[in-house]
Amino acid sequence: MTEDNSDTDAPEFGELDGIVGFHIRLAHGAVYRHFTETFAALGLTQKQVSVLWLIGSNPAVSQIELGSRLRMDRATTMTIVNRLQERGYLRREKSSSDGRKQSLHLTDDGEEALEQAKRCIEEHEAWLKSRFTSDEVEKLVEMLSRIHE
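All values reported here derive from a predicted model rather than from experimental measurement.

Caption draft 1: View of the sheet that holds strand E2 (residues 90–94). Read from one edge to the other, the open sheet built from 3 strands follows the order E1-E3-E2, with strand pairing classed as antiparallel. At either end of the open sheet lies a strand with only one pairing partner, and these are strand E1 (61–62) and E2. Across the sheet, helix H4 (residues 74–86) touches E2 and strand E3 (102–106), and the angle it forms with E2 is around 115 degrees.

Below, the structure written as structure tokens:
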């Protein structure tokens, strides 16, 4: 007699179950879906939120430094900065230290969007962290950092 697994939601992955990259991709998909749902009302992407947050924490950061810190190429950085500027969330100014560079600053609307985004991130992070103990969260962040550093 065979066991009926029809109630089981978990798919059988076979050899894929031992592939770390496969599980990272599945985890990324789940996190991305939840992020998208959480941020739907704000109309901001993950990268846009990261850009707002980094500029908010580092007023007058250059566009080049912004892209470098977030590991984005120049074209992607420029596209995101342009979109956020079009929405009135940030402004560009000539850098006071190097006239060839542009420094980035949040506008009042950008500050408000960042505050709303931070509230959404709190909700998103609570959802994500609820799957782990606080020690596991700390270890997970440390382990994931090894991959992207």
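Caption draft 2: Just the packing of aromatic side chains, in detail. One pass over the full model with this rule turns up 2 aromatic pairs. Each ring, one from phenylalanine 13 and one from phenylalanine 22, has its centre 4.9 Å from the other, and the planes form 75 degrees; the classification is edge-to-face. Where phenylalanine 35 meets phenylalanine 39, the ring centres are 4.0 Å apart and the plane angle is 15 degrees; that geometry is what we call stacked. Placement of the pair is phenylalanine 35 and phenylalanine 39 together in helix H1 (residues 20–39), with a separation of 4 residues, close to one helical turn. On the basis of relative accessibility, which here comes to 7%, the residue phenylalanine 35 falls in the buried class. Exposure remark for phenylalanine 39: the relative accessible area of 1% places this residue in the buried category.

Caption draft 3: Quick look at the environment of leucine 54. Locating leucine 54 in the fold gives a position in helix H2 (residues 46–57). For the pair leucine 54 and leucine 104, spaced 50 residues apart in the sequence, the C-alpha separation amounts to 10.0 Å. Once residues lying within four places of it in the same chain are set aside, the contact partners of leucine 54 are Leu66, Arg69 and Leu70.

Caption draft 4: Seen up close, the layout of surface pockets. Considering only enclosed or pocket space, the largest pocket measures out at about 1,600 Å³ in volume. Lining the largest pocket are 36 residues; nearest its centre among them are His28, Val31, Gln46, Leu128 and Leu144. Of all the elements, H1 adds the most residues to the lining of the largest pocket, at 9 residues. Of the residues assigned to the lining of the largest pocket, the class counts are 23 nonpolar, 8 polar and 5 charged.

Caption draft 5: Spotlight on the environment of glutamate 93. Tracing the backbone through its elements, the reader meets glutamate 93 in strand E2. With relative accessibility at 32%, the residue glutamate 93 sits in the partly exposed group. When the C-alpha positions of glutamate 93 and histidine 105 are compared, they lie 7.8 Å apart, and in sequence the two are 12 residues distant. Leave out the neighbours within four places in its chain, and glutamate 93 touches Lys101, Gln102, Ser103 and His105. A distance of 3.3 Å separates the side chain of glutamate 93 from the side chain of histidine 105, its partner in a polar contact.

Caption draft 6: Just the nonpolar core, in detail. The biggest cluster of nonpolar side chains holds 24 residues, and the ones touching the most others in it are Phe39, Leu52, Ile55 and Leu84. Residues in contact with phenylalanine 39, not counting those within four places in the same chain, are Leu44, Val49, Ala117, Cys120 and Ile121.

Caption draft 7: Region of the structure containing a negative patch on the surface. A cluster of like negative charges, contributed by Asp108, Asp109, Glu111 and Glu115, occupies part of the molecular surface. Topologically, aspartate 108 is positioned in helix H5 (residues 108–129). Look at aspartate 108 and you get exposed, because its relative accessible area is 69%.

Caption draft 8: Representation of H5 within the structure. Taking 1.5 Å of rise per residue, 22 residues should cover 32 Å, and H5 covers 31 Å from first to last C-alpha, within 8% of that figure. If you check which residues of H5 are buried, you get Gly110, Ala113, Leu114, Ala117, Cys120, Ile121 and His124. Viewed end-on, H5 has its buried residues packed into an arc of 130 degrees, placing them on one side of the element. Structural note: H5 exposes Asp108 and Glu122 on the side pointing more than 90 degrees away from its buried face. The inward-facing, buried residues of H5 contact H1, H2 and E3.

Calculation notes
For every chain, the first residue of its written sequence is number 1, and the numbers climb from 1 along that sequence. Per-residue local features of the predicted model are confined to residues with pLDDT of at least 70, and side-chain atom pairs are confined, for both listing and counting, to 80 or more; whole-chain, interface and lining totals are unaffected and use all residues. Note: side-chain values were computed over all heavy atoms of the structure, leaving out hydrogens and water. Two strands make a pair as long as DSSP finds a minimum of two bridges between them. Helix and strand assignments come from DSSP, with helices taken as H or I runs of at least 4 residues and strands as E runs of at least 2, each series counted from the N terminus. Should any heavy atoms of two residues lie within 4.5 Å, those residues are counted as being in contact. Every axis corresponds to a line fitted to the C-alpha atoms, with the helix fit spanning only the stretch in contact, and the corresponding angles, defined between N-to-C directions, vary from 0 to 180 degrees. Stacked, edge-to-face and tilted are the three classes for Phe, Tyr and Trp ring pairs, Trp counted by its six-membered ring, which pair at centre distances within 6.5 Å; planes under 30 degrees apart are stacked, over 60 edge-to-face, the rest tilted. Three labels apply to residues, based on accessible area from a 1.4 Å probe with only protein chains included: buried if under 20% of the type maximum, exposed if over 50%, partly exposed otherwise in between. The pocket and cavity definitions rest on a 1 Å grid over protein atoms only: a 1.4 Å probe that fits but cannot leave marks a cavity, an open set with protein on both sides within 12 Å along at least five of seven lines marks a pocket, and residues lining either have an atom within 4 Å of a point. Grid points are joined across faces, edges and corners, and a volume is the space filled by probe spheres set on the points. Classes in brief: Ala, Val, Leu, Ile, Met, Phe, Trp, Tyr, Cys and Pro nonpolar; Asp, Glu, Lys and Arg charged; the others, Gly included, polar. As used in this structure description, the phrase polar contact means that two N or O atoms lie within 3.5 Å; if the pair is within protein, one of them must be able to donate a hydrogen and the other to accept it, and residues adjacent in sequence are counted only when both atoms belong to side chains. We call a set of buried Ala, Val, Leu, Ile, Met, Phe, Trp, Tyr and Cys residues a nonpolar core when their side-chain atoms join them within 4.5 Å. Patch membership requires over 30% relative accessible area and the absence of a salt bridge. Like charges are linked within 9 Å, and nonpolar side chains (Val, Leu, Ile, Met, Phe, Trp, Tyr) within 5 Å. Per-residue and other accessible areas were derived by the Shrake-Rupley procedure at a 1.4 Å probe size, with only the shown protein chains allowed to occlude residues. Here, a salt bridge means any Lys or Arg side-chain nitrogen found within 4 Å of an Asp or Glu carboxyl oxygen. Counting rule applied: Lys, Arg positive; Asp, Glu negative; His and chain ends not counted. To locate a charge, the coordinates of NZ of Lys, CZ of Arg, CG of Asp or CD of Glu are taken. Given the number of residues in a helix, its expected span is that number minus one, multiplied by 1.5 Å. The directions considered for the arc run from the helix axis to the C-beta atoms.

What is shown is where atoms sit, not what they do.
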